[in-house]
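What follows is each chain in one-letter form.
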Amino acid sequence: MKITLVLSVVWNGAVFAVTPMITTIGVRLLFSILFAMVFHLGVIGVAAAMCLDWCIRAVIFYLRFQSGTWKQYQLIELENETEDEE
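Residues numbered from 1 in each chain as written. Predicted model: local features only at pLDDT ≥ 70, side-chain atom pairs only at ≥ 80, totals over all residues. Heavy atoms only, no water.

### As for the packing of aromatic side chains
At step 1: Under the criterion given, the structure shown has 2 aromatic pairs.
At step 2: Taken together, a centroid distance of 5.8 Å and an interplanar angle of 45 degrees make the contact between F31 and F35 tilted. Of this pair, F31 and F35 both sit in helix α2 (residues 18–38), 4 residues apart, roughly one helical turn.
At step 3: Judged by its relative accessible area of 16%, F35 is buried. (Phe/Tyr/Trp six-rings, centres within 6.5 Å; stacked < 30°, edge-to-face > 60°. Helix = DSSP H or I, 4+ residues; strand = E, 2+ residues; numbered from the N terminus. Buried < 20%, exposed > 50% of the residue type's maximum accessible area, 1.4 Å probe, protein only.)

Laid out in structure tokens, this is it:
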């Protein structure tokens, strides 16, 4: 759970707020409804869906982190670049 929390905050700070939002809404909500309503597991099903959500998010965030696409974004212009241009 801790890795998903940390990587979720990292993605939000690095302009990737859509990834945590989609995974949370998609995975947690989908599996909560599936386990609670379809399989009639009630609160236990919702708790199981949350655990499954954390596991799936950890894998998705790890793969996204390993892909390195987040390294291409620069939020702050570095001072050295502006001095070189002048």
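### Brief notes about the pattern of salt bridges
At step 1: Enumeration according to the criterion identifies 2 salt bridges in this entry.
At step 2: For R28, the salt bridge identified is with D53, shortest N-O distance 2.8 Å. Taken together, the residues span a long stretch of sequence, with R28 in helix α2 and D53 in helix α3 (residues 42–67) at a distance of 25 residues.
At step 3: The partner of D53 in a salt bridge is R57, with the nearest N and O atoms 3.7 Å apart. A residue pair is termed a helical-turn pair when its members lie 3 or 4 positions apart in one helix, as D53 and R57 do in helix α3 at 4 residues. An identical accessibility class is assigned to D53 and R57; each is buried.
At step 4: Salt bridges sharing common partners tie together R28, D53 and R57. (Salt bridge = Lys/Arg side-chain N within 4 Å of Asp/Glu carboxyl O.)

### With respect to α3
At step 1: The first and last C-alpha atoms of α3 sit 37 Å apart over 26 residues, in line with the 38 Å expected at 1.5 Å per residue.
At step 2: Turning to α3, its buried residues number three or more, namely G45, A49, D53, R57 and F61.
At step 3: A positive backbone phi angle near 80 degrees is found at G68, which sits one or two residues after α3. (Expected span 1.5 Å × (residues − 1).)

### Considering a nonpolar patch on the surface
At step 1: Taken together, the side chains of M21, I22, I25, L29, I33, M37, V38, F39, L41 and I44 make up a nonpolar region of the molecular surface, amounting to roughly 1,000 Å² of accessible area.
At step 2: Considering each element in turn, the nonpolar patch owes the most residues, 7 residues, to α2.
At step 3: Among the secondary structure elements, I22 is positioned in helix α2.
At step 4: Its relative accessible area of 52% is what places I22 among the exposed residues. (Patch = residues over 30% accessible without salt bridge, like charges linked within 9 Å, V, L, I, M, F, W, Y side chains within 5 Å. Areas by Shrake-Rupley, 256 points an atom, 1.4 Å probe, with all protein chains shown as cover.)

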